[in-house]
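# Close look at the chain arrangement
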Amino acid sequence: MLTDKSNKRISIIGIGESDMDLFLKVDRMPGRGEKVRAKEIGKLPGGIIGNFCSQAVKMGVSCGIVTAVGKDDYGRFLKEDYKNRGIDITGLYEDEKENTFYCVVFLDGSGEKYLSAVVSPLTSPDIRRIDYDYVRQAEYVHICSMDHALAERTAQELAGSGTKLSLDYEVHAEKPGIDNWEHIFSRVSVLFTNEEGIYSLFPTENMETAARYLLSLGIETVVVTCAQKGGCVYQRGDSFHYEAFHPDEIRDTTGAGDSFNGTFLACMAKGMTARWAAEYGAAAASFVIQKEGARTGQTDIKEIEAFLKGKFQEQG
């Protein structure tokens, strides 16, 4: 793996959260004051950045993670899980005083998720403990919008380094709104968001107008995911819609977006076009939603390519 003395670069480094997910299956979510029986599915690794990195490394690119865990059972499990997946944990640190972040995830009969995050100081890595000399060795760095200060500092640290920044912006971002994020977007190369996210930024604009404004800030690629409808990708001088793949059974939507993003960015790092990256990403997401757990259904590039080949042959 990469060392400080090497001239090689890690393809992608993710910076952000790791957590354990406690999955509970319910027929439906309870109403106010109502009690509904649940079945425990199990405790599985999760976290936006953890899921992203897990899928990216399956695409055959080198990947590292900068994250925080506690010196507890959850933390030890997550650390070993990353190592077993081939993710570089140079940037992972263990905190002796705080507990590892975890979530309780309810799955209803349709496979839709309802998530409650039990936050801790380790929900996001401490900026003071991040080695940005290590981070700048990557071709791409990926972050999410849950920690505004972390995103802002990372954008500043990467300026002029040649390392491209990728950002996943969600509607529940910390300090939401274009006024708080525009200066960060201006340093982003690839922006991922969804319909709710882009309309929260530009509530009076249509999607294409909003995306074109984001491109004018300097973003190279804007990806807007639209769940079962697929999504749209915007670049300077080009835009296109990609279709979602619909499996026969949806068991859990947790982590589908993270896996799409990890696949898309890995494909870009491998030199693919955005059109192909979107096809691969949509295929990866369709595998994830067929299994319970954010990473249980993740698959590798060979299986994705075989899946796409079969789909294209069906279409003639």
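Preceding block: the structure.
Here is what the cut-offs are and how they apply
Residues numbered from 1 in each chain as written. Predicted model: local features only at pLDDT ≥ 70, side-chain atom pairs only at ≥ 80, totals over all residues. Heavy atoms only, no water. Helix = DSSP H or I, 4+ residues; strand = E, 2+ residues; numbered from the N terminus. Rg over C-alpha atoms; globule rule 2.2 N^0.38 Å. Contact = heavy atoms within 4.5 Å. Buried < 20%, exposed > 50% of the residue type's maximum accessible area, 1.4 Å probe, protein only. Pairing = 2+ DSSP bridges. Axes fitted to C-alpha atoms, helices over the stretch in contact; angles between N-to-C directions. Salt bridge = Lys/Arg side-chain N within 4 Å of Asp/Glu carboxyl O. Core = buried A, V, L, I, M, F, W, Y, C linked by side-chain atoms within 4.5 Å.

### Topic: the overall build of the protein chain
For the protein chain, the helix and strand inventory stands at 10 helices and 13 strands. Scaling as 2.2 N^0.38, a compact globule of 316 residues should have a C-alpha radius of gyration of about 20 Å, and the protein chain matches this with 19 Å. Considering only C-alpha atoms, the protein chain reaches an extent of 55 × 55 × 40 Å along its principal axes. Of the contacts made within the protein chain by residues no fewer than 6 positions apart, 66% connect residues no fewer than 24 positions apart.

### Thoughts on helix H1 (residues 48–58)
Because the α-helix completes a turn every 3.6 residues, residues three or four places apart line up on one side. Burial of H1 is extensive: 10 of the 11 residues sit out of reach of the surface. The complete set of buried residues in H1 reads Ile48, Ile49, Gly50, Asn51, Phe52, Cys53, Ser54, Gln55, Ala56 and Val57. Positioned one or two residues after H1, Gly60 has a phi angle of 85°, which is positive.

### A look at unusual backbone geometry
One can expect most non-glycine residues to show negative phi and most peptide bonds to be in trans. The phi torsion at Lys175 lies on the positive side, around 50°, for a residue other than glycine. Looking at where Lys175 falls in the secondary structure, it is placed in the loop between strand S9 (164–168) and helix H5 (178–185).

### Things to note about the sheet that holds strand S4 (residues 63–70)
Read from one edge to the other, the open sheet built from 9 strands follows the order S5-S4-S1-S8-S9-S10-S11-S12-S13, with strand pairing classed as mixed. Strands with a single pairing partner mark the edges of an open sheet, and in this sheet they are strand S5 (88–95) and strand S13 (238–242). Neighbour-to-neighbour, the strand axes of the sheet open up by a mean angle of 15°, direction not taken into account. As paired strands, S4 and S5 are joined by 6 bridges and run parallel to one another. Looking at S5, one finds that Gly70 is bridged to Asp95. The strands touched by helix H7 (residues 207–216) within the sheet are strand S10 (190–194), strand S11 (221–225), strand S12 (231–235) and S13, with S12 carrying the most contacts at an inclination of about 35°. Lying on the sheet, helix H9 (residues 274–288) is in contact with S12 and S13; it crosses S13 at an angle near 20°.

### Considering the side chain of Ser11
Its location among the elements puts Ser11 in the segment before strand S1 (12–15). For Ser11, a relative accessible area of 15% puts it in the buried group. For Ser11, the residues in contact, after removing those within four places along its chain, are Val61, Ser62, Ala138, Glu139, Tyr140 and Ala269.

### Quick look at the pattern of salt bridges
Evaluated as defined, the whole model comprises 19 salt bridges. Asp73 serves as the salt-bridge partner of Arg76, at 2.6 Å between the closest nitrogen and oxygen. Taken together, the residues Arg76 and Asp73, both in helix H2 (residues 73–85) and 3 residues apart, mark about one turn of the helix. Classification of Asp73 as exposed rests on a relative accessible area of 57%. Residue Asp238 pairs with Arg275 through a salt bridge whose shortest N-O separation is 3.3 Å. Taken together, the positions of Asp238 in strand S13 and Arg275 in helix H9 put the pair 37 residues apart, joining distant regions of the chain. The exposure class of Arg275 is partly exposed, given its relative accessible area of 43%.

### With respect to the nonpolar core
Burial of nonpolar side chains together is a common tendency in soluble globular proteins. Grouped together as the largest cluster of nonpolar side chains are 47 residues, with contacts concentrated most on Ile12, Val233 and Phe264. Non-local contacts of Phe264, meaning those with residues more than four positions away in its chain, are made with Val190, Phe192, Thr221, Val223, Val233, Ala274, Ala277 and Ala278. Residues Ile15, Ala138, Val141 and Phe185 belong to the second largest nonpolar core, which totals 40 residues.

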